[in-house]
Structure formats: structure tokens, C-alpha cells
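Reading the structure
Chain by chain, the residues run as shown.
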Amino acid sequence: EFQLVESGGTLVQPGGSLRLSCAASTSIFSSYTMNWVRQAPGKGLEWVSYISRGSDTIYYADSVKGRFTVSRDNARKSLYLQMTSLRAEDTAVYYCASGVTYDSDSFDVWGQGTLVTVSS
Amino acid sequence: QSVLTQPPSVSGAPGQRVTISCTGSSSNIGAGFDVHWYQQLPGTAPKLLIYGNVNRPSGVPDRFSATKSASSASLAITGLQAEDEADYYCQSYDSSLSGRWVFGGGTKLTV
């Protein structure tokens, strides 16, 4: 079973930086595109970033473009999100997610999420 | 302001039927992109409920169904049960420069 486990969330000051990680349980991690999705406290879901299997295609939401960098290490079966110039509005639970089972752009595998709090 | 518009809340009694709408535009649902639905129970990660407009993943009860037309979609839940109380989100792809994968604002279902 394909499982994802996020880590790295913590309290960080405005303007600070943080790197989130997402570890995959499957040996064929390199076969799947990956995404980051976040959810601010009491709010809805917001797609943040996408990375293709070979890292050749990357997309970002406008709200994080220029501040966040997504990357992956297929050998380590891991996905990363480097976050800089953090703002209060970046406070959220960050999920890594992927479309694994179905031939669609839905996300059927999600991690449990990691909380990032941006506050002084 | 979410790209896809959902009602903030719906409610129904056990055994009843409820529907949740999801309204998009010509750059997402109206452009022919698929709609997917997620259920999020309190304190948990979202769970895929419907993919590709109308398809249920294995293990999702057939009480859950969905339709898509023009620039909108709808999720129906029949035979409401207490455990259906959750937040529901629609999702699609948007071809505009401002976003790619987009979600609705979410609908809180109270049973």
C-alpha cells in the first residue's frame, strides 16, 4: 500500500524559512507525480505545487510562486517543499498528495499532514 | 474566494438525500476538465470520494454519486448516516495562468 508521511512542520517567525519532507512507502515512488496541498486553520483546501516524475515539470500556485520550491529525490523516495519568506497567511496543515490508482488528475493518496505555524 | 463555488453548508436528517453543488467556469469545469470530490472527516486528511466526474473508488458506498454538466457538478448522498457528517470538497483543473488544480471552498454536511 502506498503511504505518505510528512514531516518538518513547526513554528517559524515571519520572514523565516522551513523545509517540509514527505516520505513515500512505495519502491516505485518515481512512477508518480506529486503535489503539495495546504489547509489553513478552519479553511478549505488549496493546491500549492506540482512536480512531475522526473522533476522536469513544476508548477506553483500564485500565492507561493517565487517563495516556495518543490523538489524530489526518487532514490530516497522523498518529496520536499522549501519555503522561504514565510508569511502569517502560510500558516496551514501541509499535505503531500498523489494520484496513484486512477487515470485522472485526482489525488487518491494523501499523507497525514504537517502543521506549519508562522507567527512571532 | 475559491475558483470553484460550493454552498458553505447543507444538512439533512438520517435516511434523507442531500446534494452539494460545485460551480465553475469556462476555464475549468466548463472547459471539460474532470471534477473530483473529497470527504474530509474532522482532524483527518481528505479522502477521494468520486473521481472522473462519476466514478467511485473501491470501498466508497454507492450511496455517494455525482454528476457533471456544463460548468457545474453535483454530489448526491442518499440514505444519510451520522458518519457522513464531514466537509466535502470538489476539485478540478484550471487552464488559466493563476492556478492549476483548484478546489471548491468546501461544504459542511450536518446530519
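Refer to the structure printed above.
Presented here is an overview of the structure given in this document. This one's a predicted model, so the numbers in the text were calculated from it and none came from an experiment.

For the rest of this paragraph, the subject is the overall build of chain A. In terms of helices and strands, chain A carries 0 helices and 11 strands. Helices and strands in chain A line up, N terminus first, as β-β-β-β-β-β-β-β-β-β-β. Here the C-alpha atoms of chain A give a radius of gyration of 14 Å, agreeing with the 14 Å that 2.2 N^0.38 yields for 120 residues. Its C-alpha atoms put chain A at 40 × 25 × 25 Å along the principal axes.

Residues and elements named next belong to chain B. Reading across the sheet, the 3 strands line up as E2-E6-E5 and stay open at both edges, with antiparallel pairing between neighbours. Two strands bound the open sheet, and with one partner strand each, they are strand E2 (18-23) and strand E5 (64-69). When the angles between neighbouring strand axes are averaged without regard to direction, this sheet yields 15°. Relative to strand E6 (residues 72-77), E5 runs antiparallel, the two being bridged by 6 bridges. Bridge pairing in E6 links Thr67 to Ser74.

This paragraph deals with unusual backbone geometry. All names here are of chain A. A positive phi angle is found at Lys77, which is not glycine, with a value near 55°. Look at Lys77 and you get partly exposed, because its relative accessible area is 28%. In this structure, Ser85 takes a positive phi of about 45° despite not being glycine. By the secondary structure assignment, Ser85 is in the loop between strand E8 (78-83) and strand E9 (92-98).

So, on to the layout of surface pockets. Within this model, the largest pocket holds a volume of roughly 600 Å³. What lines the largest pocket is a set of 26 residues, and nearest its centre among them are Leu45, Glu46 and Trp47 of chain A together with Gln1 and Ser2 of chain B. If you list the elements that add at least two residues to the lining of the largest pocket, you get strand E5 (45-51) of chain A together with strand E8 (101-103) of chain B. There is about 320 Å³ of room inside the second largest pocket. Surrounding the second largest pocket, 22 residues form its lining, Gln39, Gly42 and Lys43 of chain A together with Gln40 and Asp87 of chain B being those nearest its centre.

We now examine the sheet that holds E8 of chain A. Residues and elements named next belong to chain A. Pairing within the open sheet is antiparallel, and its 4 strands lie in the order E1-E3-E8-E7. Both edges of this open sheet fall to strand E1 (4-7) and strand E7 (68-73), since each of them pairs with a single strand only. Strand-to-strand, the axes of this sheet are offset by a mean angle of 15°, without reference to chain direction.

Position of Gln91 of chain B relative to the elements: it lies in strand E7 (residues 86-93). Not counting residues within four places of it along the chain, the set of residues in contact with Gln91 of chain B comprises Asp105, Ser106 and Phe107 of chain A together with Leu4, Asp34, Val35, His36, Tyr38, Trp101, Val102 and Phe103 of chain B.

All right, on to the environment of Ala24 of chain A then. All names here are of chain A. Tracing the backbone shows Ala24 in strand E3 (residues 18-24). For Ala24, a relative accessible area of 10% translates into the label buried. With 22 residues separating them along the chain, Ala24 and Phe2 place their C-alpha atoms 7.0 Å apart. Setting aside residues up to four positions removed in sequence, Ala24 forms contacts with Phe2, Gln3, Leu4, Phe29 and Lys77.

Thresholds, definitions, all that
Residues numbered from 1 in each chain as written. Chains lettered and ligands numbered in written order. Predicted model: local features only at pLDDT ≥ 70, side-chain atom pairs only at ≥ 80, totals over all residues. Heavy atoms only, no water. Helix = DSSP H or I, 4+ residues; strand = E, 2+ residues; numbered from the N terminus. Rg over C-alpha atoms; globule rule 2.2 N^0.38 Å. Pairing = 2+ DSSP bridges. Axes fitted to C-alpha atoms, helices over the stretch in contact; angles between N-to-C directions. Buried < 20%, exposed > 50% of the residue type's maximum accessible area, 1.4 Å probe, protein only. 1 Å grid on protein atoms, 1.4 Å probe; cavity = no way out; pocket = protein on both sides within 12 Å on 5 of 7 lines; lining within 4 Å. Points joined across faces, edges and corners; volume = space filled by probe spheres on them. Contact = heavy atoms within 4.5 Å.

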